[in-house]
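Below are the chains, spelled out letter by letter.
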Amino acid sequence: MSGGRDVYIVGNWKMNQSLEEIDSFLNQISTLNSNNHAWIAPQALHISKCLEKKPGFLKVGSQNCAHEDSGAFTGELSPKSLKEIGVHFTLIGHSERRSLYGEGDDLLYKKTLKALENNLYVIFCIGETLEEREAGKVEEVLSEQLSNGLRDIDSKNVLIAYEPVWAIGTGVTASPEQAGEAHKFIRNYIKENMKLDAQTTPILYGGSVKPENIKELLSNEDIDGGLVGGASLKADSYINLHKNA
Ligand code: PGA
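Below, the structure is looked at part by part. (Residues numbered from 1 in each chain as written. Predicted model: local features only at pLDDT ≥ 70, side-chain atom pairs only at ≥ 80, totals over all residues. Heavy atoms only, no water.)

Some thoughts on the packing of helix H1 (residues 19-29) against helix H10 (residues 235-244)
Running from amino to carboxyl end, H1 crosses H10 at an angle of 35°, the nearest separation of the two axes being 9 Å. With respect to the hand of their crossing, H1 and H10 are arranged in right-handed fashion. Residues Phe25, Gln28 and Ile29 of H1 form the contact with H10, whose own contacting residues are Ala235, Asp236, Tyr238 and Ile239. By residue class, the composition of the contact of H1 with H10 is 5 nonpolar, 1 polar and 1 charged. (Axes fitted to C-alpha atoms, helices over the stretch in contact; angles between N-to-C directions. Helix = DSSP H or I, 4+ residues; strand = E, 2+ residues; numbered from the N terminus. Left-handed = near helix turned anticlockwise from the far one by under 90°. Contact = heavy atoms within 4.5 Å. Nonpolar A, V, L, I, M, F, W, Y, C, P; charged D, E, K, R; others polar.)

Structure representation (structure tokens):
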């Protein structure tokens, strides 16, 4: 744990992992002894298996959830059912959901409300594209995503993940300065414009986080953890993220 505060190491497995790989991951991490929060979001088909086999300390989440509890929403994931089977949290608004599946701010707001209503923790993802960064629009994009997607929400169950789109899966991590600047902006923006508690809302960084760079990222007081894709898939790497955090 960095500096005595709560630190979150969240694995976003995306559409990866076989059943065999999951067994091996869960066996290997069973002895992990970490002061950090240990969360993983497997693909939906594997959530139940992870819940059955996981060690007690590990929290399991979903990568997405619907904006309604039930009804004619073919292919969707009910937040009520997620809660019922023991899911702890859900990602909302990951850049892949925004860009590949056209999820916009209004829908993401509704999803967040429903997830919170069902007592799920929400990791609300925001971040700018390279084009937007180069056009000097980072603050504009982040403030819009926050104020549209989270609007009037006042909840202790919201975490924010800042994931610059150009750093996701590319091997290019935002420099600690770039990440630190964005996180500071987000915290100030929350303080001045939103109902969330700026002091206690965890703000995670995502985008090519690895065991080798997590310590430096977390040395920034506004970075409360990592949302980690590629480097969370193998148990030894996930364990090292915890060790180095
Ligand atoms: P990455 O993915 O760590 O593989 O860059 C992060 C994410 O998309 O959440």
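Right, picking up where we left off after that structure.
As for a negative patch on the surface
Together, Glu139, Glu177, Glu181 and Glu216 make up a region of like negative charge exposed at the surface. Within the element layout of this structure, Glu139 appears in helix H7 (residues 138-149). (Patch = residues over 30% accessible without salt bridge, like charges linked within 9 Å, V, L, I, M, F, W, Y side chains within 5 Å. Areas by Shrake-Rupley, 256 points an atom, 1.4 Å probe, with all protein chains shown as cover. Salt bridge = Lys/Arg side-chain N within 4 Å of Asp/Glu carboxyl O. Lys, Arg positive; Asp, Glu negative; His and termini not counted. Charge placed at Lys NZ, Arg CZ, Asp CG, Glu CD.)

Notes on the packing of aromatic side chains
Under the counting rule described, the total for this entry stands at 7 aromatic pairs. Taken together, a centroid distance of 5.9 Å and an interplanar angle of 65° make the contact between Trp39 and Tyr121 edge-to-face. With Trp39 in strand S2 (residues 37-41) and Tyr121 in strand S5 (residues 121-126), this residue pair connects regions lying 82 residues apart in the sequence. Of the residues examined, Trp39 reaches a relative accessible area of 3% and is grouped as buried. On the basis of an interplanar angle of 55° and a centroid distance of 6.2 Å, the ring pair of Tyr162 and Tyr205 is categorised as tilted. Of this pair, Tyr162 sits in strand S6 (residues 158-162) while Tyr205 sits in strand S7 (residues 203-206), and the two are 43 residues apart along the sequence. We note that Tyr162, like Tyr205, is buried. (Phe/Tyr/Trp six-rings, centres within 6.5 Å; stacked < 30°, edge-to-face > 60°. Buried < 20%, exposed > 50% of the residue type's maximum accessible area, 1.4 Å probe, protein only.)

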